[in-house]
Amino acid sequence: MLNMNNLMDRDACDRARLARDPRFDGLFFIGVKTTGIYCRPICPAPSPRPENIVYYPSAAAAAAAGLRPCLRCRPETAPGTPAWNGTSATVARAMHLIRHGALDGGSVNDLAERLGVGTRHLRRLFRQHIGATPKAIADNQRLLFAKKLVLETAMPITQAAFAAGFGSLRRFNAAFRQRLGRTPSQLRTNHLQARPHPESGFNCTLTLSYRPPYNWDRMLEFFQRRAIPGVEWVDGQIYRRTIRLSTTRGTIAVRHASKNHCLNLDVCVTDSRNLMTVVERIRRMFDLDANPRAIHQTLIRDPLLAERIQKTPGLRLPGSWDPFETAVRAVVGQQISVKGAITQLGRIARTAGTPYEGDEKPHLAWFFPDAAEMVASDMASIGMPQKRKETLRQIAQQMVSGSLELDTPGDLPRFVDTMTALPGIGDWTANYVAMRALGEPDAFPASDLGIMKALQEGGTRPTVRQVTVRAEAWRPWRAYAAIYLWQG
């Protein structure tokens, strides 16, 4: 059992628990020794006696201690726990891979090999930073996601089991009985959505929580201005796009919920087998696991950023659905306007992408090309410099060969070095890709013209070196500082 007293100030946890402060939701969990249940800090149930409380850094740590998730506050709906952020790059990379199913068909040894560390060392890092082993994290993730599907959708129980990554229905039912004390059928009490039909694919709506504040209008404005014609579409207050993931094809729609600090995600896909990965990508795309309180505490030390945070609190780091698409976007956008860039991106989608046959035409008509399709395409008709086309082809070829990884967070300086080694890729492009594709909170395009304009004093713009020096005080949240400077 990992006691949170060693990791966080117990008095601070007590205050957050008693206030039911949503800003701390998902940052720690409350274990109650007398009931054997663990809760979120915002749980509406009466507070237990202090002597019966143990704090845990993650839901998996509480589950590893033998506690069951509360049925009232539903820990599976809490924002992601960033307890490992800024502590271990290896743990961050491992958590990303686990969330995307690395242990569904592989072993911890395979995971350690992908990360370039020993298995024992990886387990030691997880005990230190998370309070549970990698396998316990994966098992708990599958169980909580399955519970979410059972409670929030009307998909058949068997379909929910496989969508959550369980290999068999027997293991699924056994996990529910052992960890939740009831069967999936007993847990499901209502059916709010129509059952999916095989001939029409799979449809569901899921709630995705965040920690307030969240500036949805600015996030939506960011995506609307950069929406790729035929691939993305902002319809009123809803963001829509086509998605492809392995054999899964379809669309997603994301809108802000009116209450409970969450977004609603509508998924319409050909099958549900990759649903957990779809959800994780959307959480990352809309930066739902950020901790605004920690970010703001660092950035407000700079008077300019303090003023902007006061005016527009809750800005997030806009991510992306597909890392390769983001790299293409960054290269195409070099030295041209946003409007010009999305025009060229729309042409690339029509030239190299795959048609989407759905009811949303003409707004959604294409799947953006993957790296293999880009390599095989003829982009002669797309009006852009030949050197830029060659850069795109180089990135695509390296993605296909596996020599370039854009979907796994790692060491930021090493990633920037790898990217800038490619012809036509500079520091700005590499950091932009790190910000949006990897969700790297400390990536910072210091040479960006917008940032320089925002930091100018008396009509004089700072040099890149001056910007870099000033940004040192914003670590490890320089990417968020860039977003606030751009919005200004």
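In what follows, the structure referred to is the one given above.
Here is a short report on the structure shown in this document. (Residues numbered from 1 in each chain as written. Predicted model: local features only at pLDDT ≥ 70, side-chain atom pairs only at ≥ 80, totals over all residues. Heavy atoms only, no water.)

**Thoughts on unusual backbone geometry**
Thinking step 1. In this structure, Pro 213 follows Pro 212 across a cis peptide bond, with omega equal to 0°.
Thinking step 2. The omega torsion of the bond from Arg 475 to Pro 476 falls at 5°, within 30 degrees of zero and hence cis.
Thinking step 3. Residue placement: Pro 476 occurs in the loop between helix 21 (464-471) and helix 22 (478-487).
Thinking step 4. In the Ramachandran plot, Ser 246 falls in the positive-phi region, its phi being about 60° despite a non-glycine side chain.
Thinking step 5. If you trace the backbone, Ser 246 turns up in the loop between strand 7 (238-245) and strand 8 (248-256).
Thinking step 6. The residue Asp 287 is not glycine, and still its phi comes out positive at about 55°.
Thinking step 7. Within the secondary structure, Asp 287 sits in the loop between helix 11 (275-285) and helix 12 (292-299). (Helix = DSSP H or I, 4+ residues; strand = E, 2+ residues; numbered from the N terminus.)

**Things to note about the packing of aromatic side chains**
Thinking step 1. Inspection of every chain in the model, using the stated rule, returns 14 aromatic pairs.
Thinking step 2. A ring pair is formed by Tyr 210 and Tyr 214, whose centres lie 4.7 Å apart and whose planes are at 40°; its orientation type is tilted. For the residue pair Tyr 210 and Tyr 214, the accessibility class agrees, reading buried in each case.
Thinking step 3. One aromatic cluster in this structure is built from Trp 216, Phe 222, Phe 223, Tyr 239 and Phe 286. (Phe/Tyr/Trp six-rings, centres within 6.5 Å; stacked < 30°, edge-to-face > 60°. Buried < 20%, exposed > 50% of the residue type's maximum accessible area, 1.4 Å probe, protein only.)

**Remarks on the sheet that holds strand 6 (residues 232-235)**
Thinking step 1. Here we have five strands laid out as an open sheet, ordered 5-9-8-7-6, and antiparallel in their pairing. One side of each edge strand has no neighbouring strand; the edge strands of this open sheet are strand 5 (202-209) and strand 6. Strand-to-strand twist of the sheet, defined as the mean angle between neighbouring strand axes without regard to direction, takes the value 20°.
Thinking step 2. Across eight bridges, the pairing between strand 7 and strand 8 is antiparallel. Following the sheet pairing, Ile 238 is matched in strand 8 by Arg 255. (Pairing = 2+ DSSP bridges. Axes fitted to C-alpha atoms, helices over the stretch in contact; angles between N-to-C directions.)

**Observations concerning the side chain of Arg 40**
Thinking step 1. Among the secondary structure elements, Arg 40 is positioned in the loop between strand 2 (37-39) and strand 3 (53-56).
Thinking step 2. Judged by its relative accessible area of 7%, Arg 40 is buried.
Thinking step 3. Among the polar contacts made by the side chain of Arg 40, one reaches the side chain of Thr 77 at a distance of 2.7 Å.
Thinking step 4. Other than its neighbours up to four places away in sequence, Arg 40 contacts Asp 25, Phe 29, Ile 30, Cys 73, Arg 74, Pro 75, Thr 77, Ala 78, Pro 79 and Ser 209. (Polar contact = N/O pair within 3.5 Å; in protein donor to acceptor, adjacent residues only side chain to side chain. Contact = heavy atoms within 4.5 Å.)

**Topic: the pattern of salt bridges**
Thinking step 1. Enumeration over the complete set of coordinates arrives at 26 salt bridges.
Thinking step 2. Asp 442 is the partner of Arg 478 in a salt bridge, and the nearest nitrogen-oxygen pair spans 3.2 Å. A residue pair is termed long-range when its members are at least 10 positions apart, and Arg 478 in helix 22 and Asp 442 in the loop between helix 19 (427-436) and helix 20 (449-455) qualify at 36 residues. A single burial state applies to Arg 478 and to Asp 442, both of which are buried.
Thinking step 3. Each of the salt bridges in this network shares a partner with another, and the network as a whole consists of Arg 74, Glu 76, Lys 147, Lys 148 and Glu 152. (Salt bridge = Lys/Arg side-chain N within 4 Å of Asp/Glu carboxyl O.)

**Brief notes about the pairing of strand 9 (residues 262-269)**
Thinking step 1. The buried count for strand 9 comes to six of eight residues, which makes it a mostly enclosed element.
Thinking step 2. In this structure, strand 5 lies alongside strand 9, joined through eight bridges in antiparallel fashion. Note that in strand 9 the partner of Asn 203 across the bridge is Cys 268.
Thinking step 3. Relative to strand 9, strand 8 runs antiparallel, the two sharing seven bridges. From the neighbouring strand, Gly 250 faces strand 9, where its bridge partner is Val 269.

**Re a positive patch on the surface**
Thinking step 1. Together, Arg 120, Arg 123, Arg 124 and Arg 127 give the surface a local cluster of positive charge.
Thinking step 2. You can see Arg 123 is positioned in helix 5 (residues 119-129).
Thinking step 3. You can call Arg 123 partly exposed: its relative accessible area is 32%. (Patch = residues over 30% accessible without salt bridge, like charges linked within 9 Å, V, L, I, M, F, W, Y side chains within 5 Å. Areas by Shrake-Rupley, 256 points an atom, 1.4 Å probe, with all protein chains shown as cover. Lys, Arg positive; Asp, Glu negative; His and termini not counted. Charge placed at Lys NZ, Arg CZ, Asp CG, Glu CD.)

**Observations concerning the packing of helix 13 (residues 303-311) against helix 22**
Thinking step 1. Where helix 13 meets helix 22, the axes come as close as 10 Å, and the angle between the chain directions of the two elements is 70°. Relative to helix 22, the element helix 13 lies roughly perpendicular. For the pair helix 13 and helix 22, the sense of crossing is left-handed. Counting all contacts with helix 13, which are made through Leu 304, Leu 305, Arg 308 and Ile 309, the residues of helix 22 involved are Ala 481, Tyr 484 and Leu 485. (Parallel < 35°, antiparallel > 145°, perpendicular 65-115°, else oblique. Left-handed = near helix turned anticlockwise from the far one by under 90°.)

**Describing the nonpolar core**
One recurring pattern in soluble globular proteins is that nonpolar side chains are buried together.
Thinking step 1. In terms of nonpolar packing, the biggest core is built from 63 residues, with Leu 299, Val 328, Ile 348 and Trp 474 touching the most fellow members.
Thinking step 2. When sequence neighbours within four positions are dropped, the list of residues in contact with Leu 299 reads Leu 305, Ala 306, Ile 309, Trp 474, Trp 477, Tyr 480, Ala 481 and Tyr 484.
Thinking step 3. By size, the runner-up hydrophobic cluster in this structure holds 46 residues, among which are Phe 145, Ala 160, Val 267 and Trp 321. (Core = buried A, V, L, I, M, F, W, Y, C linked by side-chain atoms within 4.5 Å.)

**Side note on the pairing of strand 7**
Thinking step 1. Burial analysis of strand 7 places six of its eight residues in the buried class, the great majority of the element.
Thinking step 2. As paired elements, strand 6 and strand 7 share four bridges and run antiparallel to each other. Along strand 7, the bridge assignment pairs Val 234 with Tyr 239.

**Examining the sheet that holds strand 3**
Thinking step 1. A sheet is described by the order of its strands in space; here four strands give the open sequence 3-1-2-4, paired in mixed fashion. A single partner strand is all that each edge strand has here, and the edge strands are strand 3 and strand 4 (68-69).
Thinking step 2. Of the pairings in the sheet, the one linking strand 1 (residues 29-32) to strand 3 comprises four bridges and is antiparallel in character. Within strand 3, the position partnered with Gly 31 by the bridge is Val 54.
Thinking step 3. The sheet strands contacting helix 1 (residues 10-19) are strand 1 and strand 3, and the helix crosses strand 3 at an angle near 100°.

**A few points about the packing of helix 14 (residues 323-332) against helix 19**
Thinking step 1. Two elements in contact, helix 14 and helix 19, have axes whose closest approach is 9 Å; the angle formed by their N-to-C orientations is 145°. The interaxial crossing formed by helix 14 with helix 19 has right-handed handedness. Contacts from Thr 326, Ala 327, Arg 329, Ala 330 and Val 331 of helix 14 reach helix 19 at Trp 428, Thr 429, Tyr 432, Val 433 and Arg 436.
Thinking step 2. A class-by-class count of the residues in the contact of helix 14 with helix 19 yields six nonpolar, two polar and two charged. (Nonpolar A, V, L, I, M, F, W, Y, C, P; charged D, E, K, R; others polar.)

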